[in-house]
Amino acid sequence: MGAEGEGAIAREVARRRTFAIISHPDAGKTTLTEKLLLYGGAVRQAGAVRGQRAARHATSDWLELEKQRGISVSSSVLYFEYQGHRVNILDTPGHQDFSEDTYRTLMAADSAVMLMDAAKGVEAQTRKLFQVCRLRHIPIFTFVNKMDRFGREGLDLMSEIEDILGIDAVPVDWPIGSGSDFRGVYDRMRERLLLYSGGEHGTTRVDEKVVEGAVDDPRIREALGRDYDDLAEHLDLIEGAGAQLDPDAVRAGEQTPMFFGSALTNYAVEPFLDRFLGLAPCPSSRTSDQGEIEPAKHPFSGFVFKIQANMDPDHRDRVAFLRVCSGRFTRGATTQHVRSGKSLRLANSTLIMGSDRREVEVAYPGDVVGLFDPGVFRIGDTVSDEGGFAYAGIPNFAPESFMRVEVAATPKRKSLEKGIAQLVQEGAVQLFEDHSAAAVTWILGAMGPLQFEVMSHRLKGEYRVDLQLTPLPFKLARWPQGDFDPDLFRHAERIKVVRDGEGRFAILAHNDWDVQRALERHENLELSETADPELFEAAR
Ligand code: G4P
């Protein structure tokens, strides 16, 4: 690549921020996303994204299921320009049964925003998603939402994050008042007070009053009146605890900068966006099997982190979501699909914004491009102009719900096999083989029952097969590492040895207690929560 090209790409890389929002359902992810779009100028009035979603629901038969169940199965990428930054938000499905999709999306993000409800603190789903971020060592930013309602004390939330998640929480700003008296925040880093009013119940931008000054400045005291003592006392305690923001510790994922606000009323949303973009990293080098690939130094490359079927209700299609990792993506260019070694023309490339689709002409590292997929892509595939290297891929996360496929009871066996193979390739479900009886049987693994429901729906719609499933009592899968003797559990009642889609041994267990017991009994046994634990390290 010429020096000029490299410089231009480096500038595009430096201004990009690609992140995902992780949260427990109902913490306000949709609302916050919408408000970020409002401040980024991507929508003029909040409510537009929800409205688009509703419109799409109305026209799609497959998404009818989403509507019926009030869930979001499909997700997309949202992007906007804000103060010179190109912001890419990797949208993720809200329901925990689809959390595998969220885990994969986190493999494509450069940072994550952990959103929590001020009244609830760290919830179960957040904890799990947080673990995936931790494994990847990506920076995590905390936004405490719903400050317009009475919630828990900020200090209490800080210690909960530290105790439960084991990461240092450092407030960047601190709330002034709470519930209906929530007025704004004091920005500790820039030493200024931000007070809010207006905003027409969050549909438009709020009015912001800025008062510059250190906490002991008379202007701050005057502006706050009776709220002043509380602020001064809390900030004293925070300073006393030594909570200083260290950008290196943030980048290493050891410290989480903490923000407070209300996505509903828009209070303190913009300063969060502003500071977040300043602290969050731009795309950096990624590990491949041939070493580090630098975003601006190498020609175009990327990897597929997600495959979504039927995004367009009028066509049965599949879109592979490609995260660009290096170089410049140009529509119509010819590149290589590394796994098959075949050349690939990037003719059908779209940017997906909510339910809108637009052709993408160029894209840079950190951007996500939707590629029309005629069935060639698998999750984790590398695409590269240079060829000769593959990105680390995406681990299979342990399913938590298992069903036996009743093949004999299903007529049209060929269609069934084809359909299942297709859905496995898309990553919609994981396939295991049970070799314990004379005839091999199939077990499907998913995060939760809704994933099976979607699968049945699709097999019926696309392959005209009625899937017969029998629930199994297993609740987790683990992958043995190193040498493993499959006869170890031949007579175990609560553990079953199977093979995964790649032929590797896996064990299915009723619960964590069974796993612990197995580990105690067999001291050489080593079990991993993903099929490929090394991928986490490699995907850094
Ligand atoms: P999710 O995507 O994380 O599941 O959450 P979502 O944004 O859909 O928000 C869940 C509920 O919480 C919504 O209320 C939403 O209005 C509310 N909410 C989000 N942010 C805030 C906030 O800052 N303050 C308060 N008080 N509420 C907030 P809902 O009644 O379930 O839906 P709706 O009828 O308001 O759409």
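**Description of the confidence of the model for the chain**
Across the chain, the average pLDDT comes to 85, with 87% of residues at or above 70. Across residues 51-63, confidence stays below pLDDT 50; counting only partners more than four residues off in sequence or on other chains, it has 26 contacts. Segment residues 69-74: pLDDT under 50, and 18 contacts once partners within four positions in sequence are set aside and those in other chains are kept.

**Let's talk about the site of the ligand**
Taken together, 15 residues surround the ligand, and among them D26, K29, T30, T31 and D148 come closest. Taking D26, its main chain carries an N or O atom lying 2.7 Å from an oxygen atom of the ligand. The separation between an oxygen atom of the ligand and a polar main-chain atom of L264 is 3.1 Å. Burial of the ligand by the surrounding chains reaches 67%, relative to a free accessible area of 710 Å². The biggest single contributor to the shell around the ligand is helix α2 (residues 29-39), with 3 residues.

**Side note on the packing of α2 against helix α11 (residues 269-279)**
At their nearest, the axes of α2 and α11 sit 10 Å apart, and the two run at 80 degrees to each other. By the angle between their directions, the pair α2 and α11 is classed as roughly perpendicular. Residues L32, K35, L36 and Y39 of α2 pack against V269, E270, F272 and L273 of α11. Among the residues making up the contact of α2 with α11, the classes are represented as 6 nonpolar, no polar and 2 charged.

**Details of the pattern of salt bridges**
Taken as a whole and assessed by the stated rule, the structure comprises 32 salt bridges. Across the pair R192 and D187 runs a salt bridge whose closest N-O atoms are separated by 3.5 Å. Note on R192: relative accessible area 16%, which makes it buried. Of the residues examined, D187 reaches a relative accessible area of 3% and is grouped as buried. Across the salt bridge formed by D512 and R478, the nearest N and O atoms sit 3.9 Å from each other. With a gap of 34 residues between them, D512 in helix α14 (residues 512-521) and R478 in strand β28 (residues 476-480) connect regions that are remote in the sequence. A relative accessible area of 40% places D512 in the partly exposed class. Overall, R478 belongs to the buried group, its relative accessible area being 11%. Overlapping salt bridges, with partners in common, bring together E12, R15, R16, E81, R86 and D367 in one network.

**Side note on α14**
Among the residues making up α14, those that are buried are D514, V515 and A518. Seen from one end, α14 has its buried residues packed into an arc of 100 degrees, which puts them on one side. Structural note: α14 exposes W513 and E520 on the side pointing more than 90 degrees away from its buried face. Among the structural elements, β28, β29 (495-500), β30 (505-509) and β31 (527-528) are those in contact with the buried residues of α14.

**A few points about helix α13 (residues 449-463)**
Over its 15 residues, α13 extends 20 Å from the first C-alpha to the last, a length consistent with the 21 Å expected when each residue adds 1.5 Å. All of the buried residues in α13 are L450, Q451, F452, V454, M455, R458, L459 and Y463. R464 sits one or two positions beyond α13 and adopts a positive phi of about 55 degrees.

**Remarks on the sheet that holds β31**
Ordered by their spatial adjacency, 8 strands build an open sheet running β27-β24-β26-β25-β29-β30-β28-β31, and the pairing between neighbours is antiparallel. Strands with a single pairing partner mark the edges of an open sheet, and in this sheet they are β27 (469-471) and β31. Both β28 and β31 contribute to a ladder of 2 bridges, which runs antiparallel. Bridging from a neighbouring strand, W479 pairs with S528 of β31. In this fold α13 packs onto β24 (401-405), β26 (441-446) and β27, with an angle of close to 120 degrees to the strand it touches most, β26.

Each value, and the rule that gives it
- Residues numbered from 1 in each chain as written.
- Predicted model: local features only at pLDDT ≥ 70, side-chain atom pairs only at ≥ 80, totals over all residues.
- Heavy atoms only, no water.
- pLDDT = per-residue confidence, 0-100.
- Contact = heavy atoms within 4.5 Å.
- Near = heavy atom within 4 Å.
- Polar contact = N/O pair within 3.5 Å; in protein donor to acceptor, adjacent residues only side chain to side chain.
- Areas by Shrake-Rupley, 256 points an atom, 1.4 Å probe, with all protein chains shown as cover.
- Helix = DSSP H or I, 4+ residues; strand = E, 2+ residues; numbered from the N terminus.
- Axes fitted to C-alpha atoms, helices over the stretch in contact; angles between N-to-C directions.
- Parallel < 35°, antiparallel > 145°, perpendicular 65-115°, else oblique.
- Nonpolar A, V, L, I, M, F, W, Y, C, P; charged D, E, K, R; others polar.
- Salt bridge = Lys/Arg side-chain N within 4 Å of Asp/Glu carboxyl O.
- Buried < 20%, exposed > 50% of the residue type's maximum accessible area, 1.4 Å probe, protein only.
- Arc of directions from axis to C-beta.
- Expected span 1.5 Å × (residues − 1).
- Pairing = 2+ DSSP bridges.

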